[in-house]
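Chain by chain, the residues:
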Amino acid sequence: MKYIYEPAYKLVDLFHQEPDKIFDYIDAVFNRIKSVESKVKSYITLRSYDSVLKEAEEVVLRIKKGEHLPLAGILIAVKDNISTRGLRTTCASRILENYVPPYDATVIKMIKEAGGIVVGKTNMDEFAMGSTTENSAFFPTHNPWDLTRVPGGSSGGSAAAISAGETTLALGSDTGGSIRCPAAFTATVGLKPTYGLVSRYGLIAYASSLDQIGPMARNVHDVALLLSIIATHDSLDSTSIPRIQRCNFLMELLDTMKKRPRLKIALVRELWKGVEEDVGKVLHNVLDKLCSEHMCEEVSIPIVHYALPAYYVIAMAEASSNLARYDGVRYGLSTTKEGRNWIEVFSEVRSKGFGFEVKKRIALGAFILSAGYQEQYYIRALKVRRILKVEFDKLFTKFDVIALPTMPIKPPRLGEAITDPIKLYSMDIDTVLANMIGSPAVSVPAGFANALPVAVQFMGKPLSETTLLYAASLIEEITKLHDLKPPL
Amino acid sequence: MAESGVKIGLEIHVQLTALKSKLFCSCPTDYRGKPPNTNICPVCLGLPGVLPVVNRKAIEYAIMVALALNCKLSNKVVFVRKHYFYPDLPKNYQISQYDGIGSTPLCRDGYLQIRVNGKNKVVRIRRINIEEDPGRLTYPTGDIATSRYSLVDYNRSGIALLEIVTEPDIHTPQEARAFLTKLVSILEHLGITDISLEGAFRVDANISIGGGGRVEVKNIGSIKDVERALSYEILRQRSIVAKGGVVKRETRHWDSSKRITVSLRVKETEEDYRYFPDPDLPPITISDELVKQVMERMPELPDHRIKRFMKQYGLDEYRATVLVMEKWLADLFESVAKLYSNYKRIADLLITDFMRWVNEFRLTPRDVKATPQVLAKLLRLLDQGVISIKIVKEILPEIISKGVDPEDYIKKKRLTRIADEEYLRNIVREIIHKNRKAALDALTNPRAINYLIGMVMKQTRGRADPSITAKLVREELARLKEEK
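Procedures and definitions
Residues numbered from 1 in each chain as written. Chains lettered and ligands numbered in written order. Predicted model: local features only at pLDDT ≥ 70, side-chain atom pairs only at ≥ 80, totals over all residues. Heavy atoms only, no water. Helix = DSSP H or I, 4+ residues; strand = E, 2+ residues; numbered from the N terminus. Rg over C-alpha atoms; globule rule 2.2 N^0.38 Å. Buried < 20%, exposed > 50% of the residue type's maximum accessible area, 1.4 Å probe, protein only. Contact = heavy atoms within 4.5 Å. Disulfide = S-S within 2.5 Å. Pairing = 2+ DSSP bridges. Axes fitted to C-alpha atoms, helices over the stretch in contact; angles between N-to-C directions. Phe/Tyr/Trp six-rings, centres within 6.5 Å; stacked < 30°, edge-to-face > 60°. Buried area = accessible area lost by both parts, 1.4 Å probe. Salt bridge = Lys/Arg side-chain N within 4 Å of Asp/Glu carboxyl O. Polar contact = N/O pair within 3.5 Å; in protein donor to acceptor, adjacent residues only side chain to side chain. Nonpolar A, V, L, I, M, F, W, Y, C, P; charged D, E, K, R; others polar. Domains from an automatic or database assignment.

**With respect to the overall build of chain B**
Looking only at helices and strands, one finds 15 helices and 16 strands in chain B. What you see for chain B is a C-alpha radius of gyration of 29 Å, clearly larger than the 23 Å of a compact globule of 484 residues, by over 25%. Across the 484 residues in chain B, those meeting the buried criterion constitute 52%. Residue pairs at least 24 apart in sequence account for 68% of intrachain contacts in chain B once pairs closer than 6 positions are excluded.

**Structural notes on the state of the cysteines**
A complete count under the given rule lists one disulfide over all chains for this structure. As a non-bridged cysteine, cysteine 181 of chain A has cysteine 91 of chain A as the owner of its nearest cysteine sulfur, 18 Å distant. Cysteine 41 of chain B forms no disulfide, and the closest cysteine sulfur to it belongs to cysteine 27 of chain B, at a distance of 3.7 Å.

**Considering the sheet that holds strand β5 (residues 189-192) of chain A**
Residue and element names in this part refer to chain A. The sheet built from eleven strands is open, its strands ordered β1-β3-β2-β4-β6-β5-β10-β11-β9-β7-β8 with mixed pairing. Strands at the two margins of the open sheet, each flanked by one partner only, are β1 (43-46) and β8 (295-299). Put simply, the sheet's adjacent strands are angled 30 degrees from each other on average, direction ignored. Bridge analysis of strand β10 (residues 441-449) against strand β11 (residues 452-460) gives eight bridges, and the strand direction is antiparallel. What sits directly across from valine 442, in β11, is phenylalanine 458. In the packing of helix α13 (residues 375-398) onto the sheet, contacts are made with β7 (264-268), β8, β9 (401-405) and β11, and the angle to β7 comes to roughly 145 degrees.

**Comments concerning the packing of aromatic side chains**
Tallied over the entire structure, the rule returns 29 aromatic pairs over all chains. Residues phenylalanine 309 of chain B and tyrosine 313 of chain B carry aromatic rings whose centres are separated by 5.3 Å and whose planes lie at 90 degrees to one another, so their mutual orientation is edge-to-face. In this pair, phenylalanine 309 of chain B and tyrosine 313 of chain B are both assigned in helix α5 (residues 302-313), four residues apart and thus about one turn of the helix distant. Owing to a relative accessible area of 10%, tyrosine 313 of chain B belongs among the buried residues under this scheme. Here the aromatic cluster, defined as three or more aromatic residues joined through ring pairs, consists of Tyr99, Phe127, Tyr326, Tyr331 and Phe354 of chain A.

**Quick notes on the sheet that holds strand β5 (residues 93-96) of chain B**
Residues and elements named next belong to chain B. Strand order in this open sheet of three strands is β5-β4-β15, and the pairing throughout is antiparallel. The open sheet is flanked by β5 and β15 (276-277), the only strands paired with a single partner. Where strand β4 (residues 80-83) and β5 come together, four bridges link them in antiparallel fashion. The partner of arginine 81 across the bridge, within β5, is isoleucine 95.

**Looking at the pairing of strand β6 (residues 212-217) of chain A**
All names here are of chain A. Burial analysis of β6 places six of its six residues in the buried class, which makes it a mostly covered element. Going residue by residue along β6, you find Gln212, Gly214 and Met216 tucked away on one face and Ile213, Pro215 and Ala217 tucked away on the opposite face as well. Alignment of strand β4 (residues 169-174) against β6, held across five bridges, turns out to be antiparallel. Within the sheet, the bridge partner assigned to serine 173 lies in β6 and is isoleucine 213. Bridge count for β5 against β6 is two bridges, and the pairing is antiparallel. By the bridge assignment, valine 189 is partnered in β6 with alanine 217.

**Things to note about the side chain of threonine 104 of chain B**
One can find threonine 104 of chain B in the loop between β5 and β6 (107-116). For threonine 104 of chain B, a relative accessible area of 10% puts it in the buried group.

**Focus: the interface of chain B and chain A**
Accessible area lost during the coming together of the parts is what is often quoted as the interface size. If you look at the interface, chain B gives 32 residues, while chain A gives 39 residues. Both faces considered, chain B and chain A share a buried interface measuring about 2,900 Å² in area, 61% of it formed by carbon and sulfur atoms. Between chain B and chain A we count one salt bridge in total. The partner of aspartate 280 of chain B in a salt bridge is arginine 200 of chain A, with the nearest N and O atoms 3.0 Å apart. Between the two partners, chain B and chain A, sit 20 residue pairs in polar contact (both at pLDDT 80 or more). Listed by contribution, the elements that provide at least two residues to the side of chain B that touches chain A are β4 and β15 of chain B. The residue makeup of the side of chain B that touches chain A, split by class, is 23 nonpolar, four polar and five charged.

**Focus on the domain arrangement of chain B**
All names here are of chain B. The domain boundaries assigned to chain B delineate domain 1 (6-293), domain 2 (300-413) and domain 3 (421-483). Using C-alpha coordinates to define each centre, domain 1 is positioned 34 Å away from domain 2. Counting residues at the interface gives twelve residues for domain 1 and twelve residues for domain 2. For the pair domain 1 and domain 2, the summed buried surface comes to about 1,000 Å²; carbon and sulfur atoms form 60% of the total.

Structure (structure tokens):
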């Protein structure tokens with residue numbers, strides 16, 4: 001078990017002193033994968049041991065030449081909607097089942113530069129549409145804490161892989177909670193960065209104005225470490241924040257931890273409605289301790305009620321557009337073209353290639369954007385979004401962070417949530433807000449209810465990642481819950 | 001003459017061929033002639049996960065056009081997605097611009113003044129959009145209607161296009177031609193497009209007659225064809241009405257080889273493109289400073305150039321206009337004018353015989369081999385009497401198509417004018433001798449003199465100096481009279 005649950009930031013130090021230890025570490029992780037993957041099913045595509053080893057040799061060589069590599073030899077699981085050159089990228093969809101990108105996403109380039117090694121591509125809800133990873137076209141992923149339960153989603157494979165010790169770090173993507181939800185359900189840490197902080201170039205779009213790639217790990221320090229690597233301006237992404245310098249979030253976090261500033265924390269009343277009783281108990285217990293040292297205050301923002309419906313309107317509208325390109329002409333699932341016109345071919349490819357949830361969202365999105373309905377739905381949703389932004393900007397002038405549940409419920413059993421779409425969509429009530437207003441948000445374990453993970457979420461104003469990481473670290477201090485190993 | 005009830009509106013698509021790269025990626029713009037699907041990258045192929053980045057130069061060019069067409073600029077550039085499924089469209093949406101809630105075209109409400117049959121006319125510009133060109137379908141075993149299969153070439157995908165939309169202010173095919181000629185001249189003076197490149201200039205024409213259905217004729221590739229297509233449509237629609245029929249609202253295709261329009265589809269409702277602002281492209285502010293910078297860099301425009309030609313070269317409005325409407329011709333004129341100072345003579349040469357041969361050979365400006373030096377030399381040889389105007393006309397096609405030097409040519413072909421009196425006198429005597437009857441006739445009938453001169457010209461293959469020849473013929477006739 002050596003290496004498997006070690007934090008990345010410690011391994012990086014070790015590997016700079018003894019580079020050859022990287023090989024032992026890789027052996028350990030691959031053995032772990034061998035023993036647990038059949039139970040958890042985190043990966044859609046796992047790289048071969050040999051090709052990972054070959055890449056590790058190059059990393060070792062670079063270290064021996066004196067290069068300092070902030071991710072030296074660290075294995076990173078990548079959600080299967082992030083493009084990896086030469087490595088199949090499916091979005092957990094039949095329509096991209098055999099698609100191999102000819103280019104690396106910007107985040108992948110940066111990880112490779114930093115000496116990180118992609119170990120495989122993780123399972124997810126098809127095109128990131130879902131909160132349980134059950135919408136994968138291939139198979140569901142199981143929660144390492146209770147294999148009968150879902151790991152959350154849509155980045156469920158990444159969260160499960162970290163939790164089960166099948167990787168050290170992972171990348172997820174978050175459109176309405178897809179990093180934070182599975183982090184919460186697997187007792188790991190996940191951060192959705194400020195919109196525009198991390199390049200989306202190479203992230204297969206679900207809803208472009210909401211999507212962000214973010215780091216996932218078993219502790220807050222590792223999340224800070226991975227965020228430092230991927231957060232920077234990218235000229236290939238026009239929504240990337242201009243003139244953002246690289247920032248060492250880990251150093252800043254350690255610095256802040258030393259200074260221990262007193263935080264002003266808001267608790268938005270509306271965001272605590274519908275929380276399961278035992279989940280709420282765990283959260284209040286932790287926050288009571290946090291509030292004994294920091295200033296906490298309850299506030300009310302009624303417009304928050306509209307966040308969830310507005311979110312789904314915007315997400316579906318953009319999805320219907322983003323997913324139009326999958327037609328079987330240039331890449332992905334194809335079909336016989338001879339003797340048929342293109343409309344038949346497109347229809348067949350899209351009928352066979354997309355799963356039910358994806359089709360549903362495309363259809364709803366197309367309806368939302370159609371002439372005569374656009375004002376009623378899409379334009380109104382944009383108004384809600386604008387008002388939310390204004391309200392929360394105001395709030396953030398008085399408070400450093402908002403504390404709220406990540407998930408109002410415990411991880412559902414497989415098949416339990418997926419049958420009730422309203423219940424399923426309601427799970428996202430506390431996570432969509434950050435995406436709607438472009439704010440960063442982090443989920444960190446708060447404890448267990450009925451032996452199932454419960455997490456607290458912090459949300460802050462744009463570019464307040466360091467403050468959020470600090471708040472999350474404070475929770476880690478209180479709970480001592482980090483680098484957790486589930487009873488697999 | 002305005003044809004009663006005819007309303008024509010044009011949608012002009014112009015590629016910004018002066019750009020080095022495509023509108024949203026760094027692929028080069030010189031896709032023509034390249035093997036299919038070799039001028040592509042993940043972005044213009046719409047691969048999963050790619051993002052567009054706006055070519056800023058394209059926006060500057062578009063602002064130039066907006067200013068040149070007297071449009072009201074928007075304060076920001078907003079790109080929208082226009083959705084329709086088609087195999088040549090890699091994302092199945094086109095990044096374009098739109099006039100709607102939360103979006104705006106680049107500019108609106110412009111106008112262009114044109115001159116038709118000596119009268120001024122204003123054609124209003126409704127809006128100008130910046131958008132990306134789709135790829136191209138090719139039909140290996142026939143055409144759009146007959147080919148058994150089609151192939152897609154994405155080399156063109158993502159090339160920057162301007163879509164210029166007029167109000168339905170045009171009433172005749174001639175007005176359409178005048179409008180397009182001036183528009184193209186403006187675009188060429190701005191240096192942003194070369195419409196002689198295949199596919200760089202495409203027009204969709206909307207035409208209705210007297211309240212009939214609006215017919216859209218798609219994809220007309222040249223100004224001449226716009227005129228032809230409109231004339232055809234007016235005839236077609238008139239004959240339907242004459243037979244008591246009703247013109248349906250439909251989309252038609254211009255078949256440039258058969259020179260007819262063919263029905264593509266009947267339009268019953270407005271297509272729903274589900275426009276919405278592209279979330280991958282945040283709006284770009286058009287600052288006053290940017291507009292000022294663009295204005296400062298604006299080159300001379302046709303209207304100004306026509307006036308300058310009149311003033312600087314003493315040309316009349318007609319000659320100046322004809323030259324300036326073809327920018328390359330105006331440029332050639334000015335280059336020759338630096339070397340040769342009888343400006344009117346340059347203008348006459350260029351707008352008559354020169355252009356006649358260019359059109360005859362169907363040459364694009366790029367293919368014209370005549371250099372300013374050669375043309376200046378040609379005119380000087382004419383002035384010096386070394387060659388006659390007839391010879392000028394004979395050499396001109398050789399100069400235009402092959403770039404021959406007139407001096408070499410006349411030496412080789414012995415085309416220099418014959419001014420040698422001794423030599424010519426012998427020929428004149430010979431002619432009079434052979435045509436005794438005509439010569440005697442000429443003594444009383446001055447008209448017959450011309451016949452004799454013509455015979456001399458024929459014998460010398462046009463090289464005899466006409467005035468010397470005439471003088472010699474008269475002298476010899478006088479001698480004949482004395483002898484008599």
